[in-house]
Structures are given as C-alpha cells and as structure tokens.
Amino acid sequence: GDGTYPSFQDLHDEVYEILEKFPKLHFCAAHCFYISHDIEQMKMFFEKWENTSFDLTPGQSTLLEFSKKPDQWKEFFKKYSHRIFFGTDTYNQFIEGDDLARYDEYWSAPTVVRKFFEKTPEDAFEASIGHLVPLNMDDDGLKNIYFGTHEKLHPTTRPLNKELIAKESEKLLEGILDRTVPFEEESDYETEANNLKQIIKYFE
C-alpha cells in the first residue's frame, strides 16, 4: 500500500497474536490466509493450532502458487483436506462495474477450482489467472474439501426435508416467472429461474 494501511505482515501478526492468546479458537482464514506461496507456513498454521482451517477461495495467485509445486501441494492437501473448506469467491448476477467478461470469469470460478483439484497434471489448462497444473486429488480428499469439513464443523441436527425444499423452490419460481418477485434487472429473472429449476431437479 501507500503506507497508510497495515502491512501484510502486520495483518498476519495480529492473527497470530490472537491465536497465541486463544490457542483452541476455531478460526477459518479466508483465501488460504494469502500464504499459498509458503507451504511451510501453511503447515505450521495447522500443526500449531488444532482448530484452525482455511477456505479454498482462490485469490489471483493462489492456484498459480500451487501449480508451481504440484507434488508437494498434493501431499499437503491429502494430509490436511479435513481442515479445508471449498470456496470459489463467485456470484451469479451482475454487480456495479461488471462487464460480460468479468461476469463470465467469476461465474466459471467453481469449474476452474474443481478442474484444478480433480484433473491430472497432464490435463494442465489455461485460466484467466494463468497456467494451472491440476493436483488429481483422491476421492477421500475431495469429499473432505467439498463437504466433509463443513459437515464435521457444522453438523446438521436433522436431515433435509427434500420435499419441502422442492415445494418452496417451486413457489419462488412461480413468483419469478409471473414477475411478482422484484428484481432490478430483467436478466436477473432468467438467472434466478434457472437456478431454481436446477434446485428443484436436484431435490426431486
């Protein structure tokens, strides 16, 4: 920055001071704590504090850093997959300042993250952030990252009522199709209608 903001190290030191004071604290650092360039520091984050976790939401450099040493990072994710949450930092509607290219980039983020963890290194591909070398994670690691970590830390008290979810989604869809649900942009109606159709299909 220009000197008027805390430095990168200051921000991290503040977190470490809190964890030193409360070593049992359940703490999830977003964007892999922006230390994807330092695998040893990421290991320390997990080994020193037993209730810490990362979300996988990729900053511009995160997946690129993993791609530089795919074998080492694959072992890291295999060992700590139960401490990592899936994330994409995406959205499904235009916001102020968006153009179509930026929207498409964010909309495709979940696919990019999944390809990175599921495909083989031979399936390396180009993304908007650069050349990515997939890690080809095993099924157990993927299940932890995609939903297992969340289920462990946020257990549900009862099973989902699939029929009720589908029924309520159908009500919302009806309101969108007849325009009784208000949206600022006409394009939002089509986006949300498609989302609800997918939800209904999933829970049928």
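Structure first, text after, so check above.
Sequence order sets the numbering: in each chain, residues are counted from 1 along the sequence as written. Where totals are concerned, whole chains, interfaces and linings use all residues; where local detail is concerned, this predicted model gives features only for residues with pLDDT of at least 70, and gives and counts side-chain atom pairs only at 80 or more. Side-chain measures were taken over the full set of non-hydrogen atoms in the model, leaving aside hydrogen atoms and water.

### Regarding the packing of aromatic side chains
Alright, step 1. Stacked, tilted and edge-to-face pairs are distinguished by plane angle, under 30 degrees for stacked and over 60 for edge-to-face with tilted covering the rest, among Phe, Tyr and Trp rings (Trp via its six-membered ring) whose centres lie within 6.5 Å. A complete count under the given rule lists 22 aromatic pairs for this structure.
Alright, step 2. With a centroid separation of 5.1 Å and 85° between ring planes, the pair formed by phenylalanine 86 and tyrosine 146 is classed as edge-to-face. Pair noted here: phenylalanine 86 is in the loop between β3 (84-85) and α5 (100-107) and tyrosine 146 is in helix α7 (residues 139-153), with a separation of 60 residues, a long-range link.
Alright, step 3. Relative accessibility under 20% of the residue-type maximum defines a buried residue, over 50% an exposed one, and the middle range a partly exposed one, all with a 1.4 Å probe and only protein chains included. According to the relative accessible area criterion, phenylalanine 86 is partly exposed, its value standing at 31%.
Alright, step 4. Tyrosine 146 sits in the partly exposed class, given a relative accessible area of 25%.
Alright, step 5. Two thresholds decide whether a charge sits over a ring: the Lys NZ or Arg CZ must be within 6 Å of the ring centre and within 35 degrees of the ring normal. Its end group placed over the ring of phenylalanine 125, lysine 115 keeps NZ or CZ at 4.1 Å from the ring centre. A run of H or I in DSSP counts as a helix once it spans at least four residues, and a run of E counts as a strand once it spans at least two, with each numbered from the N terminus.

### A closer look at the nonpolar core
Alright, step 1. Grouped together as the largest cluster of nonpolar side chains are 33 residues, with contacts concentrated most on Phe45, Phe54, Leu56, Phe76, Phe77 and Phe117.
Alright, step 2. Listed by contribution, the elements that provide at least two residues to this core are α1 (8-21), α2 (39-48), α3 (62-68), α4 (70-80), α6 (109-118), β4 (125-127) and α7.
Alright, step 3. Whether two residues are in contact is decided by their heavy atoms: any pair within 4.5 Å suffices. Residues within four places of phenylalanine 76 in sequence aside, it is in contact with Ile39, Met42, Lys43, Phe46 and Ile84.
Alright, step 4. Nonpolar cores were defined as sets of buried Ala, Val, Leu, Ile, Met, Phe, Trp, Tyr and Cys residues, with membership established by side-chain atoms within 4.5 Å. Among the nonpolar cores identified, the runner-up in size contains 6 residues, and Tyr189, Ala193, Leu196 and Ile200 belong to it.

### Remarks on the pairing of strand β2 (residues 52-55)
Alright, step 1. Along β2, one buried face is formed by Thr52 and Phe54 and the opposite face, lined by Ser53 and Asp55, is buried too.
Alright, step 2. At least two DSSP bridges between two strands are needed for those strands to be called paired. Here 3 bridges tie strand β1 (residues 27-29) to β2, and the two strands are oriented parallel to one another. Residue pairing in the sheet places phenylalanine 27 in a bridge with threonine 52 of β2.

Geometric values such as these leave the question of function open.
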